[in-house]
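Chain and residue survey
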Amino acid sequence: TKTIRIPHVEASKRKQMIAFEAQQKIPYPMYEVVWDSQEVSDDGVETELLFIACKSAVIDSFSRSVAGSGIQIESISAATVLDYNALRFAAPAADQDVLMVNVGARSTNLLFKSANGFFVRNINLGGNLLTQSIADRLGQSFEQAESIKLKYFSGAADFTSEDAGDKQLIECAESFTRRMSQEITRSIVNYRRQTRESAPAQILLTGRGALLNGLSAAIAGTQKVAVEFFDPLLS
């Protein structure tokens, strides 16, 4: 995903102009990718767009795998676009500046939404980092550490002290939480510098990694704003 700006033009000419600008920003020839875009803002002079591209081979491989499960794909969208559209659907009348933090396994999507449009950033920090930290601390394989993580932090009844020490797991979780809070702070500073927008008045958490105990409280403490879990069926 890349944010690009093009002169305001009629819809029939926009795709050609986007392709020209995008070619300068992606490391592959355009004929090797599947791409689309979503409008961020348009002031009548310039249009800001979120450009999304993925190599065709990756899309084809993914589609074949899904089709093999008996599911027919109708469309594929970037996670950041899905986050934005889900937020618009759930709270169409919301006018305050919001930051949605979608914590995945490998990375985290940060979506800033304001009255003037939206801004996205992806950080290379997700639940797998916590798993790897546990694996390194306990001398376990990644798969074993993932099982321990899920059992311990979900409060599973079959978790015993023989699986791992509480103190070590808590220390791993606290280290992950500190790093996530620091990255969010850094991203907010970068967002405000680039867009001249206000700091978010609310932070919404989503994704399985966001369920980590203490994460929401830590973010609320560092950012001094309300932190809630995103409800996509709010409306």
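Data block above holds the structure.
Residues numbered from 1 in each chain as written. Predicted model: local features only at pLDDT ≥ 70, side-chain atom pairs only at ≥ 80, totals over all residues. Heavy atoms only, no water.

Evaluated as defined, the whole model comprises 9 salt bridges. Here glutamate 48 and arginine 5 are joined by a salt bridge, their closest N and O atoms 3.4 Å apart. One end of the pair, glutamate 48, is in strand β3 (residues 46–55); the other, arginine 5, is in strand β1 (residues 2–7), and 43 residues separate them in sequence. Residue glutamate 48 is classed as buried on the basis of its relative accessible area, which comes to 12%. Its relative accessible area of 46% is what places arginine 5 among the partly exposed residues. Glutamate 39 is the partner of arginine 14 in a salt bridge, and the nearest nitrogen-oxygen pair spans 3.2 Å. In this pair, arginine 14 is assigned in helix α1 (residues 11–23) and glutamate 39 in strand β2 (residues 33–42), connecting sequence segments 25 residues apart. Among the ionic contacts, a cluster of salt bridges with common partners joins Arg5, Glu46 and Glu48. (Salt bridge = Lys/Arg side-chain N within 4 Å of Asp/Glu carboxyl O. Helix = DSSP H or I, 4+ residues; strand = E, 2+ residues; numbered from the N terminus. Buried < 20%, exposed > 50% of the residue type's maximum accessible area, 1.4 Å probe, protein only.)

Here we take up the sheet that holds β2. Read across the sheet, 3 strands follow the order β1-β3-β2 without closing on themselves; strand pairing throughout is antiparallel. If you trace the sheet from one side to the other, it starts and ends with β1 and β2, each paired once. In this sheet, neighbouring strand axes are inclined to one another by 35° on average, regardless of whether the strands run parallel or antiparallel. In the sheet, β2 pairs with β3 via 9 bridges, with the strands oriented antiparallel. Residue pairing in the sheet places serine 41 in a bridge with glutamate 48 of β3. Strand contacts of α1: β1, β2 and β3, with the helix running at about 130° to β1, the strand carrying the most contacts. Here helix α3 (residues 79–90) sits on the sheet in contact with β2 and β3, set at roughly 40° to β2. (Pairing = 2+ DSSP bridges. Axes fitted to C-alpha atoms, helices over the stretch in contact; angles between N-to-C directions. Contact = heavy atoms within 4.5 Å.)

Further remarks concern the pairing of β3. Summarising the sheet, β1 and β3 pair through 6 bridges and their orientation is antiparallel. Within β3, the position partnered with threonine 3 by the bridge is leucine 50. Here β2 folds back onto β3, and the loop between the two strands holds 3 residues, one of which, glycine 44, carries a positive phi near 90°.

A separate point is the nonpolar core. One finds Leu99, Val101, Ile134, Phe153, Met180, Ile184 and Ile203 to be the most contacted residues of the largest nonpolar core, which totals 32 residues. When contributions to this core are tallied by element, the ones reaching two or more residues are β4 (98–103), β5 (108–114), β6 (117–123), α4 (127–138), α5 (142–153), α6 (166–195), β7 (202–206) and α7 (215–223). Here this core gets 8 residues from one element, more than from any other, and that element is α6. Not counting chain neighbours up to four residues away, the residues in contact with isoleucine 203 comprise Leu99, Val101, Ile219, Gln223, Val225, Ala226, Val227 and Glu228. By size, the runner-up hydrophobic cluster in this structure holds 15 residues, among which are Leu87, Val98, Leu204 and Phe230. (Core = buried A, V, L, I, M, F, W, Y, C linked by side-chain atoms within 4.5 Å.)

The final tally for this structure, using the stated rule, is 6 aromatic pairs. Considering the side-chain rings of tyrosine 84 and phenylalanine 118, the 4.1 Å spacing of their centres and the 25° angle between planes classify their relative orientation as stacked. Here phenylalanine 118 lies in strand β6 and tyrosine 84 lies in helix α3, a separation of 34 residues in the sequence. Owing to a relative accessible area of 7%, phenylalanine 118 belongs among the buried residues under this scheme. For the pair tyrosine 152 and phenylalanine 153, a centre-to-centre distance of 4.9 Å together with 85° between the ring planes defines the contact as edge-to-face. Note on phenylalanine 153: relative accessible area 18%, which makes it buried. One aromatic cluster is present, formed by Phe112, Phe119 and Tyr191 through successive ring pairs. (Phe/Tyr/Trp six-rings, centres within 6.5 Å; stacked < 30°, edge-to-face > 60°.)

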